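# Coordinate analysis (summary)
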Amino acid sequence: MRLTKLWQTRSLSGDRHLSTYFCFAALRFLLVFVPQLGYVHPDEFFQSVEVMTGDHFRLEHTRSWEFNNSMPVRSITLPFALLRVPWSFYEFLALYLRTWWNIEILGTYAYVVFPRVVYTLISYSNDFCLYRICRLYGLRFEIRLLALGSSWVLLVFGTRTFSNSLELAMCSWLLCLVSECMLRTNTVVYKKEFLEEKYDKAESISERVRIWKLKNALPAHNLQHLVAMSTICVAGVFNRPTFLLFGAPMVFFWLLRGMGTRSVTFRDFNVRITLFCLCSLPALFLFIFCDSLYYQHLTAGELQMMHLTIDNFVFTPWNFIKANLDSAQTASHGVHPCYVHLMLNMPMLFNVLALASLGAFAQLLLRFFRAEYQVLPRFQSIVSLMSGAVFVPLFFLSLINHQEPRFLLPVTFPLLLLHAPKLVTGFSAKYPFQKDHPLLRCFYDRLLCSKASGPYLLRIWYVSNVALTLFFGFIHQAGVYPLAADMSHVMATKPEATHVHLLTSHIYSLPLHLVNIPSSRVLHFNRQTHQRYRRQRDFYLYEYGGLSLDSLMQKIKLISGNCEVKLSGPKRLRYKLYLAIPASLSGDLHEALVRSNARSYLNFELLNVFYPHLSMEAFPRLQGRHPCDVDAPHWAHDDLRGTCAVEQPPALSFSYLNKQFSSFVHQLGLALYEIDVRRKRTPSVELTKSKLPEAPA
């Protein structure tokens, strides 16, 4: 009766976790279409979508240094297969809808959402692989799927077009194949050795014949999934060469399956590694051939004449490694101490499960150095495989001086498979220490045991992942996409022969393909006149990153002066000049305008504020603001700080706190200004005060 009740309780809990997982799985797909406005990192666009979408639709786009034809470091094969090919079908559908129903489905929204749909569908392969391994090894899949589905890693990174997201999916597939091979090898080797013992002990010929037939009927296991694994490894390395660090321990476990038994010897190891290398050659040649064609190192004429040398082929992973071995090159992206991955990025990605995994690994190391080998997991076990898949790449990635959280995405799968049940059971269901010391016992009872930590870990997991999803999915740099959509509208409605100049400061790079401007660098085809033409460039983007506002004002004066010269020239080129800057810098921008002595001829008109938007490079001020400086980012008076009846520090009150909170909320936006040049000098400048959309207080 007690066992029946326990089983019913576990079944109800598992059903509840599985239902919650399906809700998060559906939410993952729905968030693609909302869409998520948050801008996690520029590589989301500039390592794949910017180039692929710009090339396919012949749009203005930015080709980063990684796609330089002379020394490319990014393989184009996977982005081409995952984006250019689906874009062809989508373009055909768009042409059909435009022709027959006059419905336009190509635009900024489609350029953002459609690639994310492709990558989101790929992300569900992580869920399938996790379920597959749990079923193979008899593990509880409900809580593991729930942890994976509710993780902000899948809700945010899994729906974005990062090469790290593809790396996560490939590592999941590789782990699934290796786990299946290990289980099959262990099972077959055990049965084979058992039958061999029976064969040696058999007394009659008929019994030996029967056992011999049973042994020959055992399935093959030595080269299982060989082609699939070698192909995944090649694709993973060309996607991101760091896949070598993630895939090496997995392949190592695959090569060592069954070693130490009578049935598997070093001969099998050598055969496996030789055939693995040979089976990887077709995929290797395919990636090299496609990359060489795209980057024009190999042409159709050279193929026809067979005038080929080693210089005609591009090996992008080697170029990537050479570029990253240059410490100055990696330092240009940021230099981090070696402990950032361990102490910051792991807790950020996995919060309480990161602590659980680090504690479990520290316990394994402690037992190893104490020579307590009998309590360590068997080397050829699923626990050893998953532990190696987490901590081997973590160690080597920590040696690189540039460390970002997304570099650790592939460890999500093995870490959650090992430690997700602790969200329900607590950090440790049993006393983990060898000695029963009073302090250790107190530490276990107060923090580690199921009663102390079990009721809270799942709640902490939910809260932290929801918070990080909201922050990176909808707040962080979230004004960039609405800015691109607004600029797309400006370009579509502007008068002809009008140039548009956009300056940005203290925000991430703007993906040009989202502005939806036909490229000025390629020939376009007019379907009505059947003629080819080249479009004149009329959109100019100036990105100044973290440039000081005084230097930014000098740039504005220089660009506006150049535009005025062209306006007064023989071609009379009209122009529009815009500035996009975080709202938190609006007051500093006004002060910089005053210091630049340009108030007499520069007029800033606030057109829009895109909420929400948070630039960590221009974090809103929490304290030190004037109590009357609570307006949205425009200048109501020549005196920046406004006026107060009593010019002294205000007393702490609800009214004061409410004003400070309102001021903080109004700073969470991206302000778009239009800059006009006053051609008639006046004694003072009147800064236009525009009506702003209401922001939540």
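First, a word on what this report is: a plain description of the structure on this page. (Residues numbered from 1 in each chain as written. Predicted model: local features only at pLDDT ≥ 70, side-chain atom pairs only at ≥ 80, totals over all residues. Heavy atoms only, no water.)

### Considerations on the overall build of the protein
Assigned secondary structure in the protein consists of 25 helices and 7 strands. Across its three principal axes, the protein shows a C-alpha extent of roughly 115 × 80 × 55 Å. Sorting the 697 residues of the protein into buried and exposed places 50% on the buried side. Sequence-distant contacts, at least 24 apart, represent 80% of the contacts inside the protein between residues at least 6 apart. For the protein, the exposed area adds up to about 35,000 Å²; of that, 63% sits on carbon and sulfur atoms. Each charge class in the protein was averaged separately, 68 positive and 47 negative side chains, and the resulting centres sit 6 Å apart. (Helix = DSSP H or I, 4+ residues; strand = E, 2+ residues; numbered from the N terminus. Buried < 20%, exposed > 50% of the residue type's maximum accessible area, 1.4 Å probe, protein only. Contact = heavy atoms within 4.5 Å. Areas by Shrake-Rupley, 256 points an atom, 1.4 Å probe, with all protein chains shown as cover. Lys, Arg positive; Asp, Glu negative; His and termini not counted. Charge placed at Lys NZ, Arg CZ, Asp CG, Glu CD.)

### Quick notes on the pattern of salt bridges
Overall, the coordinates contain 14 salt bridges when judged by the stated rule. For the salt bridge of Arg160 with Glu44, the shortest nitrogen-to-oxygen distance reads 3.0 Å. Residue Arg160 is found in the loop between α6 (152-155) and α7 (163-201), and its partner Glu44 is found in helix α2 (residues 43-57); the two are separated by 116 residues along the sequence. The salt bridge partner of Glu104 is Arg98, with a shortest N-O separation of 2.8 Å. Note on Glu104: relative accessible area 45%, which makes it partly exposed. (Salt bridge = Lys/Arg side-chain N within 4 Å of Asp/Glu carboxyl O.)

### A short note on the environment of Arg262
Residue placement: Arg262 occurs in the loop between α10 (243-255) and α11 (266-279). Given the relative accessible area of 54%, Arg262 is considered exposed. The spacing of Arg262 and Lys192 is 70 residues in sequence and 9.7 Å in space, taken between C-alpha atoms. In this view, Arg262 contacts Glu193, Glu196 and Glu197; residues no more than four positions away in its chain are not counted.

### A look at helix α4 (residues 108-137)
The end-to-end C-alpha distance of α4 is 46 Å, a good match for the 44 Å that 30 residues give at a rise of 1.5 Å each. Just downstream of α4, Gly138 is the residue with a positive phi angle, here 70°. (Expected span 1.5 Å × (residues − 1).)

### Details of the sheet that holds strand β1 (residues 498-504)
Spatially, 5 strands are ordered β4-β1-β5-β7-β6 in an open sheet, and the strand pairing comes out mixed. Every other strand in the sheet has two partners, leaving β4 (539-543) and β6 (602-610) as the edge strands with one partner each. Pairs of neighbouring strands in the sheet enclose a mean axial angle of 20°, with direction left out of account. One ladder, built from 5 bridges, connects β1 with β4; its direction is parallel. Looking across to β4, one finds that His501 is bridged to Tyr540. (Pairing = 2+ DSSP bridges. Axes fitted to C-alpha atoms, helices over the stretch in contact; angles between N-to-C directions.)

### Section: the pairing of strand β3 (residues 531-534)
One ladder, built from 4 bridges, connects strand β2 (residues 523-526) with β3; its direction is antiparallel. Residue pairing across strands places Phe525 opposite Arg532, the latter belonging to β3. Here β2 folds back onto β3 in antiparallel fashion, the turn holding 4 residues, of which His530 has a positive phi close to 60°.

### Considerations on the packing of helix α17 (residues 382-397) against helix α18 (residues 412-419)
Remark: α17 packs on α18, axes separated minimally by 8 Å, with the N-to-C direction vectors making an angle of 140°. The angle between α17 and α18 places the two elements in the oblique class. Read as a crossing pair, α17 and α18 show a hand that is left-handed. Here Val383, Met386, Ser387, Ala389 and Val390 of α17 come into contact with α18, specifically with Phe413, Pro414, Leu415, Leu417 and Leu418. When grouped by side-chain class, the residues that make up the contact of α17 with α18 number 9 nonpolar, 1 polar and no charged. (Parallel < 35°, antiparallel > 145°, perpendicular 65-115°, else oblique. Left-handed = near helix turned anticlockwise from the far one by under 90°. Nonpolar A, V, L, I, M, F, W, Y, C, P; charged D, E, K, R; others polar.)

### Here's the deal with the pairing of β1
Across the 7 residues of β1, 7 count as buried, placing the element largely inside the fold. Going residue by residue along β1, you find Thr498, Val500, Leu502 and Thr504 tucked away on one face and His499, His501 and Leu503 tucked away on the opposite face as well. Across 7 bridges, the pairing between β1 and strand β5 (residues 574-582) is parallel. Bridge pairing in β5 places His501 opposite Leu577.

### A closer look at unusual backbone geometry
Most peptide bonds take the trans configuration, and most residues that are not glycine carry a negative phi. With omega at -10°, the peptide bond leading from Val34 into Pro35 counts as cis. Within the element layout of this structure, Pro35 appears in the loop between α1 (2-33) and α2. At the junction of Tyr611 and Pro612, the peptide bond is cis and its omega measures out at -15° in the coordinates. Structurally, Pro612 can be placed in the loop between β6 and α25 (654-667). Phi angles above zero are rare outside glycine, and His506 is one such case at about 60°. Examined against the element boundaries, His506 turns out to sit in the loop between β1 and β2. One non-glycine residue, Arg572, adopts positive backbone phi at about 50°. Judged by relative accessible area, Arg572 falls into the exposed class, the value being 53%.

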